[in-house]
Structures are given as structure tokens and as C-alpha cells.
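Structural overview for review
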Amino acid sequence: MANHKSAEKRYRQTLRRTEVNRARVGRIRTFVKKVELAIAAGNKDDAKAAFIAAQPEMVRGAQKGVLHKNTVSRKLSRLNARIAAL
């Protein structure tokens, strides 16, 4: 546990940020799962709609630093290719 006043504050801040970041990553996973399920069902229209909803969430995650920019780019590219192949 922290011994200094500033370290205690940093610990509290870290706990808050961790909670926010984990919620953000969970939200991104949910959006991606919706796209995956639509692709698995073979429903191109639903997959496109889910992809359009997921895209800004994923990009926002990269901007906020919870996911790497290239990771988001790669995942979006692969999802889009899978939708196009339907």
C-alpha cells in the first residue's frame, strides 16, 4: 500500500481509471461479438449494421489508450473482409 499522500491519491486514481477502462474494453467486446454472431448466422445486413455500430467504439478505445491503434485497425479490417465475403 502507498505510504505518501501523492502515492495514495495516485492509487485511488488508478482504481477509478481501471474500472472505466475495463468497462470500455467490455463494451468493445460486446459490439464485436454482435458482429461475429451476425457473420456466423450469415446475415450480411445485420453484420454490416453491427459493424457500423462497433467501428466508432473500437476507434474510441484506441484513442483512449485501452487498445493499440494497430490492433483496432487490424480487427476492423478482418471483420470487414469477413462481411464482404458473405
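In the block above lies the structure referred to throughout.
Our subject in this report is the structure included herewith.

Here's the deal with the nonpolar core
If you look at the biggest cluster of nonpolar residues, it comprises 17 residues, and the most contacted ones within it are Val35, Ile39, Phe51, Met58, Leu79 and Ile83. Considering each element in turn, this core owes the most residues, seven residues, to helix α1 (residues 5-41). Among residues more than four places away in sequence, those in contact with leucine 79 are Val32, Val35, Glu36, Ile39 and Phe51.

Topic: the layout of surface pockets
A volume near 190 Å³ is recorded for the largest pocket. Taken together, Val25, Ile28, Arg29, Val32, Glu36, Met58, Leu67, Lys75, Arg78, Leu79 and Arg82 make up the lining of the largest pocket. Among the secondary structure elements, those contributing two or more residues to the lining of the largest pocket are α1 and α3 (69-84). Broken down by element, the lining of the largest pocket gets its largest block of residues, five residues, from α1. For the lining of the largest pocket, a count of residues per class yields six nonpolar, no polar and five charged.

Concerning a positive patch on the surface
There is a patch of like positive charges on the surface, built from Lys5, Lys9, Arg10, Arg12 and Arg16. Tracing the backbone through its elements, the reader meets arginine 10 in helix α1.

Remarks on the pattern of salt bridges
Per the counting criterion, the structure on display carries three salt bridges. The salt bridge involving glutamate 57 is made with arginine 27; its shortest N-O contact spans 3.0 Å. Highlighted residues: glutamate 57 in helix α2 (residues 44-64) and arginine 27 in helix α1, separated in sequence by 30 residues. Across the pair glutamate 57 and arginine 60 runs a salt bridge, and its minimum N-O distance is 3.0 Å. Taken together, the residues glutamate 57 and arginine 60, both in helix α2 and three residues apart, mark about one turn of the helix. Taking relative accessible area as the criterion, glutamate 57 reaches 9% and is therefore assigned buried. Each of Arg27, Glu57 and Arg60 takes part in one network of salt bridges that share partners.

So, how was this worked out
- Residues numbered from 1 in each chain as written.
- Predicted model: local features only at pLDDT ≥ 70, side-chain atom pairs only at ≥ 80, totals over all residues.
- Heavy atoms only, no water.
- Core = buried A, V, L, I, M, F, W, Y, C linked by side-chain atoms within 4.5 Å.
- Buried < 20%, exposed > 50% of the residue type's maximum accessible area, 1.4 Å probe, protein only.
- Helix = DSSP H or I, 4+ residues; strand = E, 2+ residues; numbered from the N terminus.
- Contact = heavy atoms within 4.5 Å.
- 1 Å grid on protein atoms, 1.4 Å probe; cavity = no way out; pocket = protein on both sides within 12 Å on 5 of 7 lines; lining within 4 Å.
- Points joined across faces, edges and corners; volume = space filled by probe spheres on them.
- Nonpolar A, V, L, I, M, F, W, Y, C, P; charged D, E, K, R; others polar.
- Patch = residues over 30% accessible without salt bridge, like charges linked within 9 Å, V, L, I, M, F, W, Y side chains within 5 Å.
- Areas by Shrake-Rupley, 256 points an atom, 1.4 Å probe, with all protein chains shown as cover.
- Salt bridge = Lys/Arg side-chain N within 4 Å of Asp/Glu carboxyl O.
- Lys, Arg positive; Asp, Glu negative; His and termini not counted.
- Charge placed at Lys NZ, Arg CZ, Asp CG, Glu CD.

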